[in-house]
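# Examining the three-dimensional arrangement
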Amino acid sequence: MSVAHDLLQAGWGLFLGNPQEQMAERAGLLELNHVKARFFSDVIPFITEGEKRHLRQTIRKGPKGSNGLPQYVDYEVLLPSRSLDEFSRWLYRFMDRALVLAPPELIQKHANAAQRLSNRYHQL
C-alpha cells in the first residue's frame, strides 16, 4: 500500500496532515485520540450498519428500551488529531441525535457549535 493510502485508512476523511505529523504517525510516535460519540433514535440503524466504517472502530449497543431496541449506541474510534475536524463535520449531520463523550476538546467544540446554532434560531 502507498503512504497516502495508509494515512487515509488511519484517519477520518481526506486531510493527511503536514509532513512532520505524517512521519510521526507512520512511525507510531503520534498519540491517537480516543473519540467516543453516542447516537440516539432513528440514526441507530445507520450507525450500526456501518460496521466497517473504520478499521479501529467499536460499536456498542446500549440497554434496550421498552420497544426492544437499543436506547443508544456508542461509537468509538482511535483517530489522529488531524482527523478531528473531519470527524466533527461527519457528526454535525446527526446534530440532535448525537452526543460527543470524548475527547474533552471535541465535546467542547460540539457544545459550542450547538449553542451557536441555538442562538441563531433564537435571533429569528
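Residues numbered from 1 in each chain as written. Predicted model: local features only at pLDDT ≥ 70, side-chain atom pairs only at ≥ 80, totals over all residues. Heavy atoms only, no water.

## As for the sheet that holds strand β2 (residues 58-61)
What counts, and what does not: By the convention used here, strands pair only if DSSP detects at least 2 bridges between them. For helices the rule is a DSSP run of H or I covering at least 4 residues; for strands it is a run of E covering at least 2, with both sets numbered from the N terminus onward. Interaxial angle, 0 to 180 degrees, is taken between N-to-C directions of lines fitted to C-alpha atoms, where a helix line uses only the stretch in contact. Note on contacts: a residue pair qualifies if any of its non-hydrogen atoms lie within 4.5 Å across the two residues.
What the four strands build is an open sheet, ordered β2-β3-β1-β4; its pairing is antiparallel. A strand with exactly one partner marks an edge of an open sheet, and here the two such strands are β2 and β4 (98-102). Recorded for the sheet is a direction-independent mean angle of 20 degrees between the axes of neighbouring strands. Bridge analysis of strand β1 (residues 33-40) against β4 gives four bridges, and the strand direction is antiparallel. When the sheet's bridge partners are listed, Lys36 is paired in β4 with Ala102. Helix-sheet contacts for helix α4 (residues 84-92) involve β1, β3 (72-79) and β4, and the interaxial angle to β1 is about 0 degrees. With respect to the sheet, helix α5 (residues 104-122) is in contact with β1 and β4, its orientation differing from that of β4 by roughly 150 degrees.

## With respect to the packing of aromatic side chains
Two aromatic rings are characterised by how far apart their centres lie and by the angle between their planes. Operational definition: Ring geometry is summarised as follows: Phe, Tyr and Trp rings, the Trp one being its six-membered ring, pair when their centres sit within 6.5 Å, and such pairs are stacked at plane angles under 30 degrees, edge-to-face over 60 and tilted between the two. Whether a charge sits over a ring comes down to the Lys NZ or Arg CZ being within 6 Å of the ring centre and within 35 degrees of the ring normal.
Across all of its chains, the model carries eight aromatic pairs by this definition. Ring centres of Phe39 and Trp90 lie 5.8 Å apart, and the angle between their planes is 65 degrees; on these two criteria the pair is classed as edge-to-face. Separated by 51 residues along the polypeptide, Phe39 in strand β1 and Trp90 in helix α4 bring together distant segments of the chain. For the cation-ring pair, Arg38 lies above Tyr72, with the distance from its terminal atom to the ring centre recorded as 3.8 Å.

## Remarks on the pattern of salt bridges
The criterion, for reference: Salt bridges are counted wherever a side-chain nitrogen of Lys or Arg sits within 4 Å of a carboxyl oxygen of Asp or Glu.
In the structure shown here, the tally under the stated rule is six salt bridges. For Arg97, the salt bridge identified is with Asp42, shortest N-O distance 3.4 Å. Residue Arg97 is located in the loop between α4 and β4, and its partner Asp42 is located in the loop between β1 and α3 (44-49); the two are separated by 55 residues in the primary sequence. Among the charged side chains, a network of salt bridges with common partners joins Lys36, Arg38 and Asp74.

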